[in-house]
Amino acid sequence: MINFKRKIAECLAASVEGLLLEELEAMIEVPTDTKLGDYAFPCFRLAKAMRKAPAAIAKDIAEKLQENEIFSKVEPVNAYVNMFLSREAFLSEVVTAVLQEGSRFGGSDIGQNRKVIVEFSSPNIAKPFHIGHIRSTVIGNAIYKLYDFIGYDTVRINHLGDYGTQFGKMIVAYRRWGNKEDVVNTPIKSLLAYYVKFHEEAENDPSLEDEARATFTKLEKGEPEETALWQWFREESLKEFSRVYQMLGIEFDSYAGESFYSDKMQHVIDIMNDKKLMVESDGAQIVDLSEYNLSPALIMKKDGSTLYITRDIAAAVYRKDHYDFYRNIYVVASQQNLHFQQWIKIVELMGFPWAKDCIHVPFGLVSLEDGVMSTREGRVVFLEDVLNKAVEQTRAIIMEKNVNTDNVDVTAKQVGIGAVIFNELSNSKIKDYVFSWDKVLNFDGETGPYVQYTHARAASVLRNAGITEENAEASLGDPKKLALEYISSDSAYDLTRLLYAFPGIIIDAAERYEPSIVTRHIVDIAQCFNRFYHNEHILVEDENEKKAKLALTYAAKQTIKNGLLLLGMEAPERM
Ligand code: ARG
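Residues numbered from 1 in each chain as written. Predicted model: local features only at pLDDT ≥ 70, side-chain atom pairs only at ≥ 80, totals over all residues. Heavy atoms only, no water.

(A) Main features of the sheet that holds strand E4 (residues 115-119). Strand order in the open sheet made by the four strands is E5-E4-E9-E10, with parallel pairing throughout. The sheet is open, and its two edges are formed by strand E5 (153-157) and strand E10 (358-361), each paired on a single side. Here the average twist between neighbouring strands, direction ignored, is 20°. Two elements, E4 and E5, share five bridges in a ladder whose sense is parallel. Its bridge partner being in E5, Ile117 is matched across the sheet by Val155. In the packing of helix H14 (residues 337-349) onto the sheet, contacts are made with strand E9 (327-331) and E10, and the angle to E10 comes to roughly 175°. (Pairing = 2+ DSSP bridges. Helix = DSSP H or I, 4+ residues; strand = E, 2+ residues; numbered from the N terminus. Axes fitted to C-alpha atoms, helices over the stretch in contact; angles between N-to-C directions. Contact = heavy atoms within 4.5 Å.)

Next comes the structure, spelled out in structure tokens:
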């Protein structure tokens, strides 16, 4: 697709002295009020070099640009040159690009195949996978898809919380009060119950704590019985997590969790010792970070056992060796900001310049309408239950509204789960938010169902005209030959401008780790398409007019679809 800013800069270069093409391009503005043109060029900076008043310069430039056919109108207004693109040239460019690029529209190769790791989800085994985890899971998946779409070589890692002293407790508790059948039937619920019971009993019987420590030591040494039990807990928990991932359509390339690094800790401890980073404090090894205004990091306990942070340091070093990443992204709640600041600083002090390529992407808290969640008080909402409930409620709405579908179950799933995902990605990720069913499932607000419905509406218009993804190229013909004068109305043009912006939106969202930029943009496209749909009659008698309008409809549908898929949603053809 033509880069219009670049193209205009080239036109300007002919009449402006002393500025580089890139400088000119950077000076071009996009007015918020389209009445002032599609682009505007301020002339203040040129006055000195050209020894003329800015308004006079603007007048000269406008006169020269006027001759270029990409513009329909160029007018000087005070010190500005306001430029209006020729709508037909613009439409032709955009519609052709979307039709030709199809599912690739919006993608690029700016990543040049460089390796980007996106670590996300990372729940703790034997603990509930609750609504709080949905954020990392859904935001992380969208960030992965964005990087993949712009040409990076991506790796998705689930850094499972599958290690630590709590597994000593869990093994002890299972041996005393557990039974196999319960673990197989309801792994997480049962393991969690044992864990809670352990804490209750340990209040009266402190020897349990010693037993748990000794058991964890056995696990660390790789004793077969303890290892087998831990392995089994891990597998059963993973089965439960996988069900949720399957519902969300999410996959990982690696499940290398905390336990994976248990034999890679010595290596990083050695480096820290070499660099004299650690000091002893009460028998434990810590890194003093006061110089950097950070609290001290505990790296190794008195008994030699390592911690969460030690495993993160080992993981980063391993990932650099193994993947040689360009960027290593962690999608983890903002509650862990300090943790990430600490360990990334330590990696830097260990002498690794790539510490700067480890990026913590934080996000805010989810709360329930009646307050914050608390595992201990039993106020948790399981993610699986939320997804099932979303599907159920959607099914009810489909029945009530007489939604057009071949398969209620499939559509209810696509829309219900899509609604939860879209809701997650609607607000800037750092904001805390309150989970509300009414907001999630609203078909009319700026919601997932609304965007999906708009996509289905466009699909239905195309279907009525006999156009499908398979035959579109043949039925619409050469997009360069479309009778574009029929789609130069304001509503059609506004829509086209949004489609044109889509590839830049994708890059922006990836670079800012902010999928909500895409979410907002496809809501805008959906709204604009609906305006076009209401203002204009698409399926008219005149073949040329109809074809041009259908081509724009197709382009809008394709762009919405690409956006939905990037967010990790589906784009139903009917609803
Ligand atoms: N398992 C942790 C939790 O649920 C999240 C892990 C985040 N990733 C990391 N590399 N520390 O809180």
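(B) Up close: the site of the ligand. Within the structure, the ligand sits among Glu119, Ser122, Asn124, His133, His159, Tyr308, Asp312, Tyr330, Val332, Gln336 and Phe340. At 2.8 Å from a nitrogen atom of the ligand is found a side-chain nitrogen or oxygen belonging to Glu119. Between Asp312 and the ligand, the recorded distance is 2.7 Å, taken from a side-chain N or O atom to a nitrogen atom. Isolated, the ligand exposes 350 Å² of accessible area, and the fraction of that covered by the protein chains is 88%. Of the residues in the shell around the ligand, the class split is four nonpolar, five polar and two charged. (Near = heavy atom within 4 Å. Polar contact = N/O pair within 3.5 Å; in protein donor to acceptor, adjacent residues only side chain to side chain. Areas by Shrake-Rupley, 256 points an atom, 1.4 Å probe, with all protein chains shown as cover. Nonpolar A, V, L, I, M, F, W, Y, C, P; charged D, E, K, R; others polar.)

(C) Examining the packing of aromatic side chains more closely. Summed over all chains, the structure comprises 29 aromatic pairs. Seen in terms of ring centroids, Tyr147 and Tyr513 are 6.2 Å apart; in terms of plane orientation they differ by 20°. Their pairing is stacked. Here Tyr147 is found in helix H6 (residues 131-149), whereas its partner Tyr513 is found in the loop between helix H20 (490-511) and helix H21 (516-535), with 366 residues between them in sequence. Pair check on accessibility: Tyr147 and Tyr513 agree, each one buried. (Phe/Tyr/Trp six-rings, centres within 6.5 Å; stacked < 30°, edge-to-face > 60°. Buried < 20%, exposed > 50% of the residue type's maximum accessible area, 1.4 Å probe, protein only.)

(D) Looking closely at the environment of Tyr513. On the basis of relative accessibility, which here comes to 13%, the residue Tyr513 falls in the buried class. The sequence separation of Tyr513 and Gly178 amounts to 335 residues, and the corresponding C-alpha distance is 43 Å. Once you skip the residues sitting within four places of it in the chain, Tyr513 turns out to touch Ile143, Tyr147, Arg327, Ile329, Ile359, Val361 and Lys429. A distance of 3.3 Å separates polar atoms of two side chains, one belonging to Tyr513 and the other to Arg327.

(E) Just the pairing of E5, in detail. By the criterion of burial, E5 is predominantly enclosed, with four of the five residues buried. In terms of handedness, the path from E4 via H6 over to E5 forms a crossover that is right-handed. (Right-handed = clockwise from strand over helix to strand, strands pointing away.)

(F) Inspection of the pattern of salt bridges at higher detail. Under the criterion given, the structure shown has 33 salt bridges. Its salt-bridge partner being Glu348, residue Lys345 comes within 3.4 Å of it at the nearest N-O pair. Remark: Glu348 and Lys345 occur in helix H14; sequence separation between them is three residues, near one turn of the helix. The partly exposed category is assigned to Glu348, whose relative accessible area is 43%. Connected via shared salt-bridge partners are Glu469, Lys557, Lys561 and Glu573. (Salt bridge = Lys/Arg side-chain N within 4 Å of Asp/Glu carboxyl O.)

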